[in-house]
Amino acid sequence: MHLLSEPIVNLYFQLLSFFLQVRSQKALLNQLWKDLQTEALARLSTSIPEDIIKKLLIIRHSVDTVMNQYLSYIHQFCVESQWMKLKKNIVKAATFNQLFKVHHTYLAEISR
């Protein structure tokens, strides 16, 4: 029994990859917002109907709101809540088996 076996390391890799993808998408949305606010958009607006531009901005705002709420949930649930539980339970673990079980429980909670 290993505390950091290959399946556990792979799970950490999957979780980190997922979190980075979400953050990357958020950064992409922010860049899109900046691009839509540039002078280039004002120059192109003569060829793009105003109602289309407004719809794009509404969609972008809606997606951004969902991404912000999702990132807040990830941070609150995984980083704050579960991490605090892990720290509390690690201190209580008296044996390697108990430590392994605490770690396994933590991984199960953050990966669900």
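Values in this document were obtained by computation on a predicted structure and should not be read as measured data.

Draft legend 1. Seen up close, the side chain of Lys26. Relative to the elements of secondary structure, Lys26 occurs in helix H1 (residues 6-36). In this structure, Lys26 is in contact with Asp64, Met67, Asn68 and Leu71, ignoring residues within four places of it in sequence.

Draft legend 2. Seen up close, the confidence of the model for the chain. The predicted model of the chain averages 82 in pLDDT, with 90% of residues at 70 or higher. The least confident element of the chain is helix H2 (residues 39-44), whose mean pLDDT is 62; the most confident is helix H4 (residues 96-110), at 87.

Draft legend 3. Main features of helix H3 (residues 50-92). Helix length check: H3, at 43 residues, gives a terminal C-alpha distance of 62 Å against a target of 63 Å (1.5 Å per residue), a fit within 8%. Its maximal kink placed at Gln82, H3 deviates by approximately 30°. Along H3, the residues classified as buried are Ile53, Arg60, Asp64, Met67, Leu71, Ile74, Phe77, Cys78, Gln82 and Leu86.

Draft legend 4. Seen up close, the pattern of salt bridges. Per the stated rule, a full pass over the model turns up two salt bridges. Across the salt bridge formed by Asp64 and Lys26, the nearest N and O atoms sit 2.4 Å from each other. With Asp64 in helix H3 and Lys26 in helix H1, this pair connects stretches of sequence that are 38 residues apart. You'll find Asp64 and Lys26 in the same group, each marked buried. Members of the salt-bridge network, linked through shared partners, are Lys26, Arg60 and Asp64.

Scoring rules and cut-offs
The residue numbers shown here count from 1 along each chain, following its written sequence. Two thresholds apply to this predicted model, a pLDDT of at least 70 for residue-level local features and 80 or more for giving and counting side-chain atom pairs, whereas whole-chain, interface and lining totals are computed over all residues. In computing side-chain values, all of the structure's heavy atoms are included and hydrogens and water are not. Counting from the N terminus, the helices are the DSSP runs of H or I reaching at least four residues and the strands are the DSSP runs of E reaching at least two. We call two residues in contact whenever any of their non-hydrogen atoms come within 4.5 Å of each other. pLDDT is a per-residue confidence score from the predictor, ranging from 0 to 100. Helix span is expected to be 1.5 Å times the residue number reduced by one. Bend is the name given here to the angle between axes fitted to two runs of seven residues, the run ending at a residue and the run starting at it. Three labels apply to residues, based on accessible area from a 1.4 Å probe with only protein chains included: buried if under 20% of the type maximum, exposed if over 50%, partly exposed otherwise in between. Between Lys or Arg on one side and Asp or Glu on the other, a salt bridge is scored when a side-chain nitrogen of the former is within 4 Å of a carboxyl oxygen of the latter.

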